[in-house]
Amino acid sequence: MGLHTSVRVLEARTMAASAEVADALQIAAGDTVHKAVRVRSTREGPLSHITTWVPSRMARAFTRRELTRKPILLLLE
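Because the structure is predicted, anything quoted here is derived from the model rather than measured. (Residues numbered from 1 in each chain as written. Predicted model: local features only at pLDDT ≥ 70, side-chain atom pairs only at ≥ 80, totals over all residues. Heavy atoms only, no water.)

> Residue-level account of the environment of R64, with values.
Relative to the elements of secondary structure, R64 occurs in helix α2 (residues 64–69). Remark: the alpha-carbon pair of R64 and E11, spanning 53 residues in sequence, is separated by 8.1 Å. Once residues lying within four places of it in the same chain are set aside, the contact partners of R64 are V9, L10, E11 and A12. For R64, the side chain forms a polar contact with the main-chain oxygen of V9, separated by 3.0 Å. (Helix = DSSP H or I, 4+ residues; strand = E, 2+ residues; numbered from the N terminus. Contact = heavy atoms within 4.5 Å. Polar contact = N/O pair within 3.5 Å; in protein donor to acceptor, adjacent residues only side chain to side chain.)

> Can you explain the environment of R60? Please cite residues and give values.
In this fold, R60 is placed in the loop between β3 (45–55) and α2. Take R60: its relative accessible area is 46%, and that puts it in the partly exposed class. Along the sequence, R60 and V9 sit 51 residues apart, while their C-alpha atoms lie 17 Å from each other. Among residues more than four places away in sequence, those in contact with R60 are H34 and E66. (Buried < 20%, exposed > 50% of the residue type's maximum accessible area, 1.4 Å probe, protein only.)

> Summarise the sheet that holds strand β2 (residues 32–42); cite the residues concerned and give the values.
Ordered in space as β1-β2-β3, the 3 strands form an open sheet in which the pairing is antiparallel. Of all strands in the sheet, those with a lone pairing partner are β1 (6–16) and β3, marking the two edges. The mean angle between the axes of side-by-side strands here comes to 10 degrees, regardless of whether they run parallel or antiparallel. Note that β1 and β2 share 10 bridges and pair antiparallel. Bridge pairing links S6 to S41 in β2. (Pairing = 2+ DSSP bridges. Axes fitted to C-alpha atoms, helices over the stretch in contact; angles between N-to-C directions.)

> Tell me about the nonpolar core, and please be specific about residues and values.
Among soluble globular proteins, nonpolar side chains are generally buried collectively. Listed in full, the 8 residues of the largest apolar core are V9, A36, V54, A59, F62, L67, I72 and L75. Those residues in contact with A59 that lie beyond four places of it in its chain are H34, V54 and L76. Counting 5 residues, the second-largest nonpolar core is a separate cluster that includes A17, V21, I27 and V33. (Core = buried A, V, L, I, M, F, W, Y, C linked by side-chain atoms within 4.5 Å.)

Written out as structure tokens, the structure is:
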């Protein structure tokens, strides 16, 4: 897109997956997941509000600093 964006992390935590999240991720309800809530903005203002759920077996807990600087896909690599 060529846009320069910044990210503000609203929430980053490890928790048990709800039934809805577990169903979407094809894991068992109560399995551990990493939840990240972020707002991506341009100079003009907010562009997107993103909530990401990652099963613990696929990734370690990401720090707020990492979530601010890198997209989830890069952190998963």
